[in-house]
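Each chain is listed here by its residues.
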Amino acid sequence: MCMEKWKEREKIYACWLCNFPYIGNGQLHRLTEICGGPEGVYQASPQVWGSVISPEQVERLKEYTEKWRPEQSFEKMREQGIEIVTVCDKEYPGRLKNLPDAPYGLFVKGRLIREGEPSVAVIGARECSEYGRYVAKQLGSMLGKCKITLVSGMARGIDGISQEAALEAEGISIGVLGSGVDVCYPAQNRELYHRLANAGALVSSYPLGTPARPRNFPPRNRIVSGLADVVVVVEARMKSGTLITVDMALEQGREVYVVPGRVTDRLSDGCNRLIKQGAGVLLAPEEFVEEIWTIYDRKYNRKNNGKCSEREKTEDNKNRVSRRWDTESVRRNLPPELEAIWEALDFTPRSTEEIRGKLPAQYQKASIVAGLMKLCMEKRAVQVSPGRFALRSMAE
Amino acid sequence: MYCTIYSGALLGVRAYLVSVEVDISRGLPAFYMVGSLSTEVRESRERVIVALKNIGLEIPPCRITVNLSPADRRKEGTAYDLPIAVGMLEALEMIPKGAAEHMLFMGELGLNGEVKAARGVLPIVRAAEEKGIKECVVPLANAREGAVIPGITVRGVSSILDVIHFLTAQNTDRENILPAAMVDVNALFDSKCQSQEEKRDFSEITGQEMARRGAEIAAAGFHNLLMAGPPGAGKSMIARRIPGILPSLTLEESLEVTAIVSVAGLLEEGRALVTERPFQSPHHTISQPALIGGSAVPRPGMISLTHRGVLFLDELPEFQRSVLDALRQPIEERKVNIARAGGNVTYPSDFMLVCAMNPCPCGYYPDKNRCHCTEPQVRRYMGRISGPILDRIDLCVELQQVEFAHLREGARGESSADIRRRVVKARERQRKRFEGTNYRFNGDIEASAIEKYCVLGPAEQHCMESLYSSLNLSARAYHRVLRVARTIADLEEDEKIREEHLLEASFFRPSPEYWF
């Protein structure tokens, strides 16, 4: 009882300390170590603070402390459903604890990752192709079905798409934000933001209300890879933020898997390069799930004993998951002439001229256009621009 | 002595007669000009006196008063020089009294007595004809332009000396001194059609089947067209060839077009009629008055100069938003009303709008291999086009980069003449359909009349319903698809709109969902 009360008090002051924007992560660790916890820091004299942080920061911290009402602010945060977790708490993710630059405090909205469950980070380009969109959807929905936690950054493109698919499949997903946990960025993902708060978790190491800034994202990425056992790269250009995340993941000793792409696709250049450097290749989803478990077992030295039930559940779920990238079922119920047009489509958008080139000569341009629009009408294709079509990526 | 000579003034693309009254009386030598005159009209005093002096006619010292009536309307331009000079000569009895009766004069005088070209000869001659004037004496450069109007004799002069000879001669000799200008209108139309075809032909465009088809549909139904595509794909090339697949101008249309060009003072010297469909491609820095028409003295803008033709706006997102927004009303009403301190004028502006744009700042979207623009960038670029303008565009086509192999092969497509034949047929069907209504083309059909003209069978209705839901069409987009489907059916010479027409029409629909 007493212990719990003490914990609660510590949280109030952790909230105070972690909401102070002008302090580095390393400084937080040292300061709390010297003072013996956040409350100690609060009560310590500015001289003690000065031993860790610069005089300028001390001034700012003084100013900030004067305005801060610890209890009220903490209550307000609680009302929003936001929790704070520091490295000292037992809820703090074990995966992060071992990192050399583990974030001192995490603001969490929702249910944080549980130990003993594998988790996978799915990352990739914001400006993704139709192919990337498709793979992200399939991957997200499969991980969701297998109840494997999907960690990502809730960004536009691959991140958001995979998380949406995971939630759609009633899975668990964690969104790590580069802004305050109460800020939805990008704004267009507002719906996803709320769903994540309900069915998964939103995590951020930034003070509440922090707007999204470009410099916030690399530190955010280390949490994404840190929370996961395996990192999957779906699409990445040669020079991209995704590859920075991969570097961090490798430093943290995470397994990196890559979805291969065509050598002519600039959006897959980063992925293909990673394959050359020895990254794992993700070919079929169910094979990947098995590999996740192997990695997970090896990592935590579990020999199928304690976690047997979980594993069986996964096996069970796997039967519901298709054996291959599920494009076969779509083909069914198509008249032959539409099927030929459908065959000529791909996940990368193709122009009508290209599509025509793949079809026998008897196809007239008018009938091709009509056929394409019919496929769009039946939601099997999508007109991505006035003259280009792609297969429609379907989660189911 | 007093006398009256007729001349004309412009009001929009119409004209009215102006009587130039000259009075010469004894008194202190002076030259008064009245009648709400602008500076250049006032200056004609000097030009007239010096020109007459230089051909050897000395004006005796006397008191000269010139009034241009109706005196309350603002007079502009330099075309009053000749009538003033003739009036003075008659008042001084240097030419016989009544020699200039039932005649209209216009033209600018040079100091050596030559007669220079004037603006708006065609509408003024037409107004003269309506008012019962028998003969018009106009600058030689504009004689053919005026001669198009039947029922009136138009004579071209190059010097005021000719005019004096003409007016002093006997009626029988007059024809020998200044022969009437003659224009064979039919021959003009025949010869022009051919030369136009030679100039720019659709067969020069390699590939781009969809864009060609889009242009054909747009031409057939008078729909506005938007072309998107990477730089160098041939957007301007296609746009420039669209006038060539539109039906040739009829005489009536040609007169309308010529009148506007004449009012703007842009008709080539010695040209009788504009027989080609106008095509204008203003630079994207164009100002609002230049596009719409205006300035303190109203002049027709680009949209009126492309009356009955094609207005091509290249690099659409680069145009100023306010300029584009000003296009909304003229597109709807097919005319533009310009109100200035000088009065209200209305210019016709029945044009087909063809726009071209890159899909993103770099131009290669959605080719992700080449385009590095981010989603917000693309969206911002698209956002620069005002929505109301996009709403008035029925067809949208995307052009692809032409592959080198295609260029080498030089696979020639259909010629403009072949396409035009189909377009003419489709327009003929529309003409019959809309007889006795306000509409002329499928592109004009308003939402309220869509049900009446775009009748769908049960199967087509069902197809349209599923298109509506699967493509997330808006009500506006739905009407657009129907309008375009009507035109496609007309092109296929089908009175009934079929499913394939609807599907093709929906392919060409402009959608805000593209590009992000």
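Above this note sits the structure.
Residues numbered from 1 in each chain as written. Chains lettered and ligands numbered in written order. Predicted model: local features only at pLDDT ≥ 70, side-chain atom pairs only at ≥ 80, totals over all residues. Heavy atoms only, no water.

The next thing to look at is the side chain of Arg241 of chain B. Residues and elements named next belong to chain B. Topologically, Arg241 is positioned in helix α10 (residues 235-245). Classification of Arg241 by relative accessible area gives buried; the value is 6%. A polar atom in the side chain of Arg241 sits 2.9 Å from the backbone oxygen of Asp201. Looking at Arg241, its side chain comes within polar contact range of the side chain of Glu204, at 2.4 Å. (Helix = DSSP H or I, 4+ residues; strand = E, 2+ residues; numbered from the N terminus. Buried < 20%, exposed > 50% of the residue type's maximum accessible area, 1.4 Å probe, protein only. Polar contact = N/O pair within 3.5 Å; in protein donor to acceptor, adjacent residues only side chain to side chain.)

Residues and elements named next belong to chain B. Taken together, the five strands give an open sheet; going across it, the order is β11-β14-β17-β10-β18, and neighbouring strands pair in parallel fashion. Of all the strands in the sheet, just β11 (279-280) and β18 (395-398) have a single pairing partner and so form its edges. Strand direction decides the pairing type here: strand β14 (residues 310-313) and strand β17 (residues 352-357), joined by four bridges, are parallel. Bridge pairing links Leu313 to Cys355 in β17. (Pairing = 2+ DSSP bridges.)

This brings us to the interface of chain B and chain A. On the chain A side, the residues contacting the 33 residues of chain B number 29 residues. For the pair chain B and chain A, the summed buried surface comes to about 2800 Å²; carbon and sulfur atoms form 57% of the total. It is Lys368, Asn369 and Phe507 of chain B in chain B that bury the most area against chain A; as a group they hold 22% of the surface buried on that side. Where chain B meets chain A, there are five salt bridges. Here Lys374 of chain A ties to Glu499 of chain B by a salt bridge, and the two come within 3.0 Å at their closest N and O atoms. (Contact = heavy atoms within 4.5 Å. Buried area = accessible area lost by both parts, 1.4 Å probe. Salt bridge = Lys/Arg side-chain N within 4 Å of Asp/Glu carboxyl O.)

What follows covers unusual backbone geometry. Cis geometry is adopted by the peptide bond preceding Pro186 of chain A, which originates at Tyr185 of chain A and carries an omega value of -5°. Inspection of the secondary structure puts Pro186 of chain A in the loop between β5 (173-176) and α10 (190-199). Phi at Glu493 of chain B is positive, roughly 55°, even though this residue is not glycine. Tracing the chain through its elements places Glu493 of chain B in the loop between α22 (475-491) and α23 (499-507).

Our next topic: the packing of aromatic side chains. Tallied over the full model, the rule gives 18 aromatic pairs over all chains. Centre to centre, the rings of Trp293 of chain A and Tyr296 of chain A are 5.8 Å apart; their planes meet at 85°, and the pair counts as edge-to-face. A residue pair is termed a helical-turn pair when its members lie 3 or 4 positions apart in one helix, as Trp293 of chain A and Tyr296 of chain A do in helix α14 (residues 285-300) at three residues. In terms of burial, Trp293 of chain A and Tyr296 of chain A fall into one category: buried. Consider the rings of Phe389 of chain A and Phe507 of chain B, whose centres lie 5.8 Å apart with planes at 10°: the pair is stacked. Placement of Phe389 of chain A in strand β12 (residues 388-391) and of Phe507 of chain B in helix α23 is noted, with the two residues assigned to different chains. The two residues Phe389 of chain A and Phe507 of chain B agree in class, both being buried. Feature note: the residues Tyr13, Trp16, Phe20, Tyr22, Tyr42, Trp49, Tyr64 and Trp68 of chain A constitute an aromatic cluster, connected by ring pairs. The side chain of Arg174 of chain B reaches across the aromatic face of Phe166 of chain B, ending 4.9 Å from its centre. Directly above the ring of Phe441 of chain B sits Arg427 of chain B, whose terminal nitrogen or CZ lies 4.2 Å from the centroid. (Phe/Tyr/Trp six-rings, centres within 6.5 Å; stacked < 30°, edge-to-face > 60°. Lys NZ or Arg CZ within 6 Å of the ring centre and 35° of its normal.)

Residue and element names in this part refer to chain A. Among the five residues that make up strand β1 (residues 82-86), four are buried, leaving the element largely enclosed by the rest of the structure. Relative to strand β2 (residues 105-110), β1 runs antiparallel, the two sharing five bridges. The residue bridging Val85 from the neighbouring strand is Leu106, located in β2.

Attention now goes to empty space enclosed by the protein. Here the structure, examined in full by the defined rule, presents four cavities of 30 Å³ or more. The computed volume of the second largest cavity comes to approximately 50 Å³. Lining the second largest cavity are Thr352, Glu353, Arg356, Lys365, Ile368 and Val369 of chain A together with Glu209 and Met210 of chain B. Broken down by secondary-structure element, the contributors of at least two residues to the lining of the second largest cavity are α18 (352-358) and α19 (365-377) of chain A together with α9 (209-221) of chain B. Taken together, the residues that form the lining of the second largest cavity break down as three nonpolar, one polar and four charged. (1 Å grid on protein atoms, 1.4 Å probe; cavity = no way out; pocket = protein on both sides within 12 Å on 5 of 7 lines; lining within 4 Å. Points joined across faces, edges and corners; volume = space filled by probe spheres on them. Nonpolar A, V, L, I, M, F, W, Y, C, P; charged D, E, K, R; others polar.)

All right, on to the packing of helix α8 (residues 130-145) of chain A against helix α9 (residues 158-168) of chain A then. All names here are of chain A. Where α8 contacts α9, the axes come no closer than 7 Å and their chain directions differ by 35°. Judged by the sense of rotation from one axis to the other, the crossing of α8 with α9 is right-handed. Counting all contacts with α8, which are made through Gly132, Arg133, Ala136, Lys137, Gly140, Ser141 and Gly144, the residues of α9 involved are Ile158, Ile161, Ser162, Ala165 and Ala166. Split by residue class, the contact of α8 with α9 holds five nonpolar, five polar and two charged. (Axes fitted to C-alpha atoms, helices over the stretch in contact; angles between N-to-C directions. Left-handed = near helix turned anticlockwise from the far one by under 90°.)

Time to look at the packing of α9 of chain B against helix α19 (residues 416-433) of chain B. All names here are of chain B. Relative to each other, α9 and α19 sit at 35°, their axes nearing to 8 Å. Regarding α9 and α19, the two cross each other, and that crossing is right-handed. For the pair α9 and α19, the contacting residues are Glu216, Ala219, Ala220 and Gly221 in the first and Ile419, Arg422, Val423, Ala426, Arg427 and Gln430 in the second. Here the contact of α9 with α19 is built from residues that sort into five nonpolar, two polar and three charged.

Here we take up the sheet that holds β2 of chain A. Residues and elements named next belong to chain A. With mixed pairing, the nine strands of this open sheet are ordered in space as β1-β2-β6-β5-β4-β3-β7-β8-β9. With partners counted over all chains shown, the strands left at the sheet margins are β1 and β9 (280-281), one partner each. Direction of pairing for β2 relative to strand β6 (residues 201-204): antiparallel, over a ladder of four bridges. Note on β6: the bridge partner recorded for Val108 is Val203. Across the sheet, helix α1 (residues 2-18) lies against β1 and β2, angled at about 90° from β1, the strand it touches most.

What follows is about the nonpolar core. In terms of nonpolar packing, the biggest core is built from 106 residues, with Leu143 and Phe288 of chain A touching the most fellow members. With nine residues, α22 of chain B is the single largest residue contributor to this core. Residues contacting Leu143 of chain A, with those up to four places away along its chain left out, are Val120, Val122, Ile148, Leu150, Phe288 and Ile292 of chain A. Core analysis: the next-biggest nonpolar cluster, separate from the first, contains 69 residues, Trp68, Ile84, Val181 and Ala249 of chain A among them. (Core = buried A, V, L, I, M, F, W, Y, C linked by side-chain atoms within 4.5 Å.)

On to the environment of Lys235 of chain B. Examined against the element boundaries, Lys235 of chain B turns out to sit in helix α10. In this view, Lys235 of chain B contacts Met227, Ala228, Gly229, Pro230, Phe312, Ala356, Met357, Asn358 and Leu399 of chain B; residues no more than four positions away in its chain are not counted.

Along the polypeptide, Arg213 of chain A turns up in the loop between β6 and α11 (217-227). Taking the C-alpha atoms as reference points, Arg213 of chain A and Ser173 of chain A, separated by 40 residues in sequence, lie 23 Å from one another.

With that settled, consider the pairing of strand β2 (residues 14-25) of chain B. Residues and elements named next belong to chain B. The pairing of strand β1 (residues 2-11) with β2 spans ten bridges and is classified as antiparallel. Directly across from Ile5, in β2, lies its bridge partner Val20. As consecutive antiparallel partners, β1 and β2 are separated by two residues, and within that stretch Gly12 has a phi angle of approximately 65°, a positive value. Here β2 pairs with strand β4 (residues 63-69) via seven bridges, running antiparallel. Residue Ser25 lies in a different strand from β4, and its bridge partner there is Arg63.

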